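# An overview of the molecular structure
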Amino acid sequence: MKFLFINGVNLNMTGVREKGVYGSETLDEINAQIKAHFKGDECEFFQSNIEGEICTAIQSAKADGIILNAGAFTHYSIAIRDAIASIKIPVVEVHMSNVHAREEFRHTSVLSEVCKGVVLGFGKNSYILAAESFKL
Ligand code: DQA
């Protein structure tokens, strides 16, 4: 299978910011572990802090499944929601932290409704669990 992992705003700071929430490994280190886990599959990784670039990555995706951690964009980006709704490739929404155990503004996702499913709260393993779901 071919997976596209998309990380949005501030996810490039993983391993540096709020280590108690997101852990001390960098996004590159996490991506390397994901790649090793899915040895027999093709994994492509994209990260951007720019909302429009996330939309373009979604629109131009060539994959069997998209695993999307949109970061804070999750909570308000109608543009990313519309991009997801515009494609046929299924998207699984991911969060490393359990957003429902955090501030109330994180409890709302404008993306979930147009995603195949949501995986959250399992740290870096949220990405692997989300991609595994495409194999069921
Ligand atoms: C996050 C949760 C979001 O609320 C936050 O803005 C992030 C990361 C997560 O992976 O837990 O940047 O998506």
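The coordinates are above.
Each value, and the rule that gives it
- Residues numbered from 1 in each chain as written.
- Predicted model: local features only at pLDDT ≥ 70, side-chain atom pairs only at ≥ 80, totals over all residues.
- Heavy atoms only, no water.
- Phe/Tyr/Trp six-rings, centres within 6.5 Å; stacked < 30°, edge-to-face > 60°.
- Helix = DSSP H or I, 4+ residues; strand = E, 2+ residues; numbered from the N terminus.
- Core = buried A, V, L, I, M, F, W, Y, C linked by side-chain atoms within 4.5 Å.
- Buried < 20%, exposed > 50% of the residue type's maximum accessible area, 1.4 Å probe, protein only.
- Contact = heavy atoms within 4.5 Å.
- Near = heavy atom within 4 Å.
- Polar contact = N/O pair within 3.5 Å; in protein donor to acceptor, adjacent residues only side chain to side chain.
- Areas by Shrake-Rupley, 256 points an atom, 1.4 Å probe, with all protein chains shown as cover.
- Pairing = 2+ DSSP bridges.
- Axes fitted to C-alpha atoms, helices over the stretch in contact; angles between N-to-C directions.

Let us now look at the packing of aromatic side chains. Evaluation of the coordinates by the stated rule reveals 5 aromatic pairs. Plain terms: the ring middles of Phe3 and Phe38 are 5.0 Å apart, the flat faces sit at 65° to each other, and that makes the pair edge-to-face. Placement of Phe3 in strand 1 (residues 2-9) and of Phe38 in the loop between helix 2 (27-37) and strand 2 (42-47) is noted, with a sequence separation of 35 residues between them. Both rings, one in Phe3 and one in Phe134, keep their centres 6.1 Å apart while their planes meet at 35°; by these two values the pair is tilted. Of this pair, Phe3 sits in strand 1 while Phe134 sits in the segment after helix 5 (125-132), and the two are 131 residues apart along the sequence.

With that out of the way, let us pick up the nonpolar core. Formed by 22 residues in total, the largest nonpolar core has its most connected members in Ile6, Ile58, Ile66, Leu68, Ile80, Ile84 and Leu111. The set of elements that each furnish at least two residues to this core consists of strand 1, helix 3 (51-59), strand 3 (65-71) and helix 4 (78-85). Excluding its chain neighbours within four sequence positions, the residues that come into contact with Leu111 are Leu68, Ala70, Thr74, Ser77, Ile80, Arg81, Ile84 and Glu93. Judged by nonpolar contacts, the second largest core, of 19 residues, contains Leu11, Ile34, Tyr127 and Ala130.

Quick look at unusual backbone geometry now. Despite not being glycine, Asn10 has its phi angle at roughly 75°, a positive value. Of the residues examined, Asn10 reaches a relative accessible area of 35% and is grouped as partly exposed. Residues other than glycine seldom take positive phi values, yet Glu18 does so here, at roughly 30°. One can find Glu18 in the loop between strand 1 and helix 1 (19-22). What makes Glu18 partly exposed here is its relative accessible area of 43%.

For helix 5, the complete set of buried residues consists of Ser126, Tyr127, Ile128, Ala130 and Ala131. Its buried side turned inward, helix 5 meets strand 1, helix 2, strand 3, strand 4 (91-95) and strand 5 (117-120).

The immediate surroundings of the ligand are formed by Arg17, Tyr22, Asn69, Gly71, Ala72, His75, His95, Met96, Ser97, Val99 and Arg106. Ala72 places a main-chain nitrogen or oxygen 3.2 Å from an oxygen atom of the ligand. Within the complex, the protein chains bury 98% of what would otherwise be the 320 Å² of accessible surface of the ligand.

With that out of the way, let us pick up the sheet that holds strand 5. Read from one edge to the other, the open sheet built from 5 strands follows the order 2-1-3-4-5, with strand pairing classed as parallel. At either end of the open sheet lies a strand with only one pairing partner, and these are strand 2 and strand 5. Direction aside, neighbouring strands of the sheet carry axes that sit 20° apart on average. By the bridge criterion, 4 bridges tie strand 4 to strand 5 in an arrangement that is parallel. Within the sheet, the bridge partner assigned to His95 lies in strand 5 and is Leu120.

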